[in-house]
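# Examination of the molecular architecture
As a plain string of letters, each chain reads:
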Amino acid sequence: MSGWSGGYVSDIDYLPWFFPLQAPAHLGLALAIAGVEHAMAAEDFAFCDLGCGVGLTAGTVAAANPRARVWAVDFNPGHIALARALATEAGLANITYLEADFAELAAAPPPEMPRFDCVSLHGVWTWVSDATRAAIVRFLARQVKPGGVVHVGYNALPGWQEMMGLRRLLAEVGATVAGRSDRRIEAAIAVARDLNAANARHLKRSPFVQRVLSAERSLPAIYLAHEYLNENWRPMFHAEVAAALAEAKLGFAAAAELPENFPDLCLDEAQRAVIERLPTEAARETAKDLCVERAFRHDIFVRGPRPLTPARRHTILSGAMLAAVRSGEDPVYEVEVPGGKATLSRAAYEPVFAALAERPRTAGELAAIAGQGGTPTAPAEILAMLIASRQAVHVAFPEAAPAETARRWGAALARRFAFGEPTGSLVLPSPRLGNGLPAYAAELQVYAALSAGCAPEPGMVADWIVGEVTARGEHVTLEGRRLAPDEARASVAETAKGVLDHRMALWRRLAIV
């Protein structure tokens, strides 16, 4: 163990990133698609984000679900200090940010901590020690309700196998460099790129490695340091994760990535025939990973999983509502899935896209519309394809009203993260999604202007944004060039017009404004 962090990178805060797959609303939909029952409450659930980082996902879940009780835990005091400051600024009263080591938490959770409907661990399990994983299992056994849900996002084998050599090099070189972890990883990446340029055969033969080393697609140093410099970095097979969580009476139930719950979207006919013969879930998932080679898994476990009846599953999925999110853009008919690419039938989906452009629709309605084109299409497929291709979002609570706490949370995120260097993955909370809508920095700038009282008019919004940038002692730039005041206003007004034209109707539809 290396100091209080146990070998985990702690000298630099993690990036402010939002992950919609962690939200209970999404996890419940994934379980329904997989045909698995759960006991999560729909609105007044208790949710825990273990390893919450700076708290964007947990805070967004709290802001979008005002009746929920949210706990977010991280052992890094810098993360928790920033998360609490954001929650205070937004007036979030239904979230508790807790600085705690997982072993301490497992041994003595706060007496007021509830038993949870849902716990999420994203980017934790394969970055911590065996002792810490054992503590997590003890915590889950103690704090997850019967029928409760646990999401685990982790680096998976064998997909990560080809990265083992590069990761070892980065760790070895980084250990010889003085300074902060982001500086150490930058020096280590430079060495790896030099070795790659010298035609190191192991590096050259891996497309995965080449993406990491690409200068054109360079990832932020903070992300790379947190990914590769932790002493306990250890990708795992699904069977290892499932065996460990079985000690907490948790059984594997579904994949949070919706298309992964459809065998025909992951495997060809010959592969399915072999895998269907295998007698255990562990063997089937290992075989599937040998076919698909996914390097990261989002697994959902349930404490006592039970099958949904076909009738109940059909009712849930037929009633699930979707809203289109690609205003003014052409529909996408080719979707990336684990088995490669899936092509959507134009006869079925063209009228589906037209119907969604008018207003949100249930998956049952859309299935009926698709069937009129002569191609029967199940509600489950429509949900998975449109959500996975980012052409629609799941509207969990269609009647929810705009929430003041959600507005304040979005504005707080905008003020904190949308006016500096682009970083992380930002979000606007939606009470109708019970989740967040991913957003770019420019969108959050416009949202902040609207929250400050600006009318949705490009010139007024631009004046507010330019004033905010100026008040921070900064300048509007374009392609690295500092803009004069008139140029700055015109440039920002053009961007604001694009955001207002393409997002304002959606924000209203999702009760974001």
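Rules used throughout
- Residues numbered from 1 in each chain as written.
- Predicted model: local features only at pLDDT ≥ 70, side-chain atom pairs only at ≥ 80, totals over all residues.
- Heavy atoms only, no water.
- Helix = DSSP H or I, 4+ residues; strand = E, 2+ residues; numbered from the N terminus.
- Rg over C-alpha atoms; globule rule 2.2 N^0.38 Å.
- Buried < 20%, exposed > 50% of the residue type's maximum accessible area, 1.4 Å probe, protein only.
- Areas by Shrake-Rupley, 256 points an atom, 1.4 Å probe, with all protein chains shown as cover.
- Lys, Arg positive; Asp, Glu negative; His and termini not counted.
- Charge placed at Lys NZ, Arg CZ, Asp CG, Glu CD.
- Contact = heavy atoms within 4.5 Å.
- Phe/Tyr/Trp six-rings, centres within 6.5 Å; stacked < 30°, edge-to-face > 60°.
- Lys NZ or Arg CZ within 6 Å of the ring centre and 35° of its normal.
- Polar contact = N/O pair within 3.5 Å; in protein donor to acceptor, adjacent residues only side chain to side chain.
- Pairing = 2+ DSSP bridges.
- Right-handed = clockwise from strand over helix to strand, strands pointing away.

So, about the overall build of the protein. Across its full length, the protein holds 22 helices and 18 strands. Taking 2.2 N^0.38 as the reference for a compact globule, 513 residues should give roughly 24 Å; the C-alpha atoms of the protein span a radius of gyration of 23 Å, in line with that estimate. Seen through its principal axes, the protein has C-alpha atoms that stretch 65 × 65 × 55 Å. Expressed as a percentage of the 513 residues in the protein, the buried residues total 54%. For the protein, the exposed area adds up to about 22000 Å²; of that, 53% sits on carbon and sulfur atoms. Here the protein holds 50 positive side-chain charges and 56 negative ones, and the gap between their average locations is 3 Å.

A few words on the side chain of E285. Here E285 is to be found in helix α14 (residues 281-292). Look at E285 and you get buried, because its relative accessible area is 8%. Setting aside anything within four residues of it in sequence, one finds E285 in contact with H238, F252, R294 and R297.

Throughout the structure, instances matching the rule amount to 14 aromatic pairs. Their ring planes at 90° and their centres at 5.5 Å tell us that Y333 and F353 sit as a pair that is edge-to-face. Here the residue Y333 occupies a position in the loop between β10 (321-324) and β11 (334-337), and F353 occupies one in helix α16 (residues 346-358), the gap between them amounting to 20 residues. Seen in terms of ring centroids, Y447 and W507 are 5.9 Å apart; in terms of plane orientation they differ by 90°. Their pairing is edge-to-face. With Y447 in helix α20 (residues 441-451) and W507 in helix α22 (residues 485-509), this pair connects stretches of sequence that are 60 residues apart. Here the two residues Y447 and W507 agree in accessibility, since each one is buried. It is R346 that lies over the ring of Y333; its NZ or CZ is 4.0 Å from the centre.

Its location among the elements puts N155 in strand β6 (residues 144-155). A distance of 3.0 Å separates the side chain of N155 from the side chain of W160, its partner in a polar contact.

Below, the discussion takes up the environment of G480. You can see G480 is positioned in the loop between β17 (477-478) and β18 (481-482). G480 gets classed as exposed once you look at its relative accessible area, which sits at 74%. Residues G480 and A253, 227 residues apart in the sequence, show an inter-C-alpha distance of 48 Å.

Attention now moves to the pairing of strand β5 (residues 116-122). Judged by how many residues are buried, β5 sits mostly within the fold: seven of seven residues are covered. Examined bridge by bridge, strand β2 (residues 46-50) and β5 share three bridges and lie parallel to one another. From the neighbouring strand, D49 faces β5, where its bridge partner is S120. Bridge analysis of β5 against β6 gives six bridges, and the strand direction is parallel. By the bridge assignment for β6, V119 is matched with V150. Read from β5 through helix α5 (residues 130-143) to β6, the crossover connection turns out right-handed.

Within the secondary structure layout, Y440 lies in the loop between β16 (435-439) and α20. Given a relative accessible area of 64%, Y440 falls into the exposed group. Counting along the chain gives 163 residues from Y440 to R277, while the straight-line C-alpha distance between them is 46 Å.

The omega torsion of the bond from L157 to P158 falls at 5°, within 30 degrees of zero and hence cis. Even without glycine at this site, K249 takes up a positive phi of about 65°. Accessibility expressed as a relative area gives 61% for K249, which makes it exposed. Phi at R390 takes a positive value of approximately 55°, unusual for a residue other than glycine. As for its placement among the helices and strands, R390 is situated in the loop between α18 (379-388) and β14 (392-395). Given the relative accessible area of 66%, R390 is considered exposed.

Turning our eyes to something else, we now look at helix α2 (residues 56-64). Count 3.6 residues to each turn of an α-helix, and residues three or four apart come out pointing the same way. With respect to burial, α2 is a largely interior element, nine of its nine residues being buried. Buried within α2 we find L56, T57, A58, G59, T60, V61, A62, A63 and A64.

In this section: the sheet that holds strand β13 (residues 361-362). Across the sheet, which stays open at both edges, the three strands sit in the order β13-β10-β14 with antiparallel pairing between neighbours. One side of each edge strand has no neighbouring strand; the edge strands of this open sheet are β13 and β14. The pairing of β10 with β14 spans four bridges and is antiparallel. Across the sheet, residue A324 finds its bridge partner in β14, namely A392.

Among the five residues that make up β16, four are buried, leaving the element largely enclosed by the rest of the structure. Note: strand β15 (residues 426-430) against β16, five bridges, orientation antiparallel. Looking across to β16, one finds that P429 is bridged to G436. Between the antiparallel neighbours β15 and β16 lie four residues, among them G434 with a positive phi of about 65°.

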